[in-house]
Amino acid sequence: MSAIQSAPAAARMFLSGNDAVARAVWEAGTRVAAAYPGTPSTEILEVLSRYRDLHTEWSINEKVALEVALGASMVGARAFCAMKHVGLNVASDALMTMTVTGTEGGLVIAVADDVGMSSSQNEQDSRYWGRFAHVPVLEPADSQEAYTMTLAAFELSERFKTPVILRLTTRICHVKGVVQTGERQAFEPTGFVKDPRHWVMVPGNAKPRLPLMFAREAAVRAEAEVSPLNMQIDGSDRRIGFITSGPAFMHVREAFPDSPVFKLGLSCPAPLESLGRFAATVDSVLVVEETEPLLETELKAAGIACHGKDVLPRIGELAPDVLEPAVARLRGEIVAEPEHVVPQQVFPRPPTMCVACPHLGVYYTLSQMRNVLISGDIGCYTLGAGHPWNALDTCISMGASMGMALGMDKGRGKVDANKKVVAVIGDSTFMHMGMQGLLDITWNRGNVTVLLLDNRAVGMTGGQDNPGTGRDIHGEETARVDFAKICEALGVKKDRIRVVDPYQLPVLFKALREETKIEEPSVIITDRPCVLIDHYKPTKSYMVMEDRCTGCGNCVEVGCPAIHVTRRGKEVKASGKEVDLSFVRIETSACTGCGLCVQPCAPEAIVHAEPVQTIQFVRK
Amino acid sequence: MSKITNILVCGVGGQGVMTATEILAEAAISLGFDLKKTEVAGMSQRGGVVTSHLRFGTVVLSPQILPGEADLLVGFEAAEALRWGHMLRPGGVALVNVGRIVPPVVNIGLFDYPADPVAEMRALGLTVHAFDATSLAVELGNIRLGNTVMLGASSDRLPFPAEVLRDAVLARFGTRKPDLVEANRAAFELGRRAVAGEALAA
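Here the structure is a predicted model, which means the values were calculated and not measured. Throughout, a residue's number is its position along its own chain's written sequence, starting from 1. Lettering of chains starts at A and numbering of ligands starts at 1, both following the order in which they are written. A pLDDT threshold of at least 70 governs which residues receive local features in this predicted model, and a stricter bar of 80 or more applies before side-chain atom pairs are shown or counted, although totals over entire chains, interfaces and linings include all residues. Only hydrogens and water are set aside; all other atoms, that is, all heavy atoms of the structure, feed into the side-chain values.

Focus: the confidence of the model for chain B
Residues and elements named next belong to chain B. Confidence per residue, as judged by the predictor, is encoded in pLDDT with a range of 0 to 100. Model confidence for chain B is summarised by a mean pLDDT of 90, while 94% of its residues fall at 70 or above. Low pLDDT (under 50) marks residues 198–202, which in the prediction has six contacts with non-local residues, meaning those over four places away or in another chain. Listed scores for the predicted complex are pTM 0.94 and ipTM 0.92. By the convention used here, residues are in contact when the closest approach between their heavy atoms is within 4.5 Å.

Quick look at the structure:
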């Protein structure tokens, strides 16, 4: 959307929280912005990358992104990085010491918590990092605030020489609202000041800085007491006063328009004195915070009585339909029965792999293997754990497939002695945090076969480029890594590295069977691109000849969403065994002709379809 | 409190639910409404459940439509409309594409697709206008026009003239693609007529 870049000052724009953060980062005169893609934060850097008067990059992982931002701050530039909640776990090593050095140019870290877990492996509350690292946390409640608080975060960072966390949630990142924007400010870096006592954190230099860090925290707390980012809204119904932050504020205002509210924008360090004064004006206090009882615990420790997680859930979003019954119970009122129809039971519709996805061949092959432990990782290919493949046994964190596979190999007893250990990891995840794990496998002589699925994209987050594509965030040519050479350099024998076309099922099956038999580290690289990115070329689509289909259902096990069962039946085999039959058709308009389903079809019932005339839409 | 219009659009990842809601939002914003639009994106483009909430009025606080609050439910897929039927307020209206997208879990026999989702919705007492937007789009030459058929269908159920929404749809294609403008204009009108019942017999 180029409108966001060309918008004049004081334009009224319809922006998502991510758009608004990006616009404000640009307006702040930021010189460097880095991120690793991760839902729900991905779009921030995507939007920022369209501005060409600052350096933007996809970094290899969140820790590197934060270090890039810190380096820019050290030379006095304004710097920014974005990540999803679990990304800050990765980056935390850098965070926990950069809070000791402090920053020079303003440094803002946008962290997007996936409250409600739309696309994450866990739900965690990044506000903890503010307490742990003694850095300020700002919590916008909608797109407009995402914009204004991003600008405020840079000012706060420079005034107190501290990194600032901008805490977002899915319901900020992916909600669009009306935002008033401004213009880009000039911001010239002040230059690097050589000072080892400031920037070289050895114990002798770091120790004297710890009291400075705590003094800074106290100063920010004093600022929080007077900051306009924290505000009190009066209300006539003083039975309950709400203390809240982030999107929960909007939900509270929606559900209880007459109640007094203390809204926290600069929520860490918490302005406990102001909150205490607010509490004294109402009969009781309810803290509405997503997700952990952080503020509640701090209020109670400060002797301020309040309710919180005794009546509200510790999991998920605190939308009005969650708040209303909880507050009714707190007030001793009867919870009204809803007037609308009750939700109906409908089959689940989990995300699926795409039509012709190169991972389909991998998981079909894995699903046909017996006695195999499959250590999985994070990406589209995590879907291999689902139907019909059921061919992924673990998923924990980025790159974890490697270490877990080695641990399974070393830890297994008699019961698993005959099993093969396979690790499955995507190209981007491998570079993010998997390479070290593979090095551990080779160094410690692990008997693990690694399936490295190189689809030349960060697929799950929308097909971003990575070092395996040889293109940067702007799609421009840059250094391109060679996965086979990396694996060899990490200690995998050259003979144990194979590059295989995942659409060639017999070849893939043979490679897997052979490599899992050899008791040393091996890597099978699949090398076909994601079907959602521009270099994917669809070919002639297929159809099923109805009279030839025997209902064997082999093609259904490939798991391609273009294959549909038209009718079911049963057949009694000569052995007396009854088998289920599934007769199929192919949705020809969706089929891109990958040919995976053709290979397991014994009666050769799947043939090329006649070309269909369609209006051609141009893809973005 | 000022009246807020709540529109819930639901369907399956890849159908264009989010784009359609974006166009509805553009129409509302062109009239000066405050508005918020929210959806759960993430994995939804992989054939999963997608809902998009649009709220507009004088001032909009929470972006979420709650169960029993939607004025209009725009169902891009029949079973999805049934799944989200409880979001309609008493007296609200559902516009449902009877076209089906059968997921792999149904294909492999783990679950059944409802025999008649629209009949089930009506049995619950919901007001449903049902039509085959998928077939109408295919007849016009591209299944992706289903999106515009659905917008056309909803255009006479909004608190502003249908032409505002139609112009927002056509503005997407600008002047550079006259064939797409015409195809979308036709799709929009087919959707409008489908709700009026004129196209049901065809």
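So, next bit.
Focus: the pattern of salt bridges
The working definition used for a salt bridge is a side-chain nitrogen of Lys or Arg within 4 Å of a carboxyl oxygen of Asp or Glu. Enumeration over the complete set of coordinates arrives at 50 salt bridges over all chains. E22(B) serves as the salt-bridge partner of K37(B), at 3.1 Å between the closest nitrogen and oxygen. Taken together, the residues span a long stretch of sequence, with K37(B) in strand β2 (residues 34–39) and E22(B) in helix α1 (residues 17–30) at a distance of 15 residues. Ionic pairing is found between E182(B) and R185(B), a salt bridge with its closest N-O pair at 3.4 Å. Taken as a pair, E182(B) and R185(B) lie in helix α8 (residues 178–196) at a separation of three residues, close to a single helical turn. Since its relative accessible area comes to 44%, E182(B) is described here as partly exposed. For R185(B), a relative accessible area of 33% gives the class partly exposed. One network of salt bridges, in which partners are shared, links D113(A), D125(A), R127(A), E139(A), R167(A) and E289(A). Runs of E in the DSSP output that reach at least two residues are strands. Runs of H or I that reach at least four are helices, and both are numbered from the N terminus. Whether a residue is buried, partly exposed or exposed follows from its accessible area with a 1.4 Å probe, protein chains only, as a fraction of its type maximum: under 20%, in between, or over 50%, in that order.

What to know about the sheet that holds strand β10 (residues 240–245) of chain A
Residue and element names in this part refer to chain A. A strand pair is defined by DSSP finding two or more bridges across the two strands. In space, the four strands of this open sheet follow the order β9-β11-β10-β13, with mixed pairing throughout. Since the sheet does not close on itself, it has two edges, and those belong to β9 (231–233) and β13 (284–288), each with one partner. Sheet twist, expressed as the mean angle between neighbouring strand axes with direction ignored, is 20°. In the sheet, β10 pairs with β13 via five bridges, with the strands oriented parallel. Across the sheet, T244 pairs through a bridge with V288, a residue of β13. Here an angle of 0 to 180 degrees is reported between the N-to-C directions of two axes, which are lines fitted to C-alpha atoms, with helices fitted over the stretch in contact.

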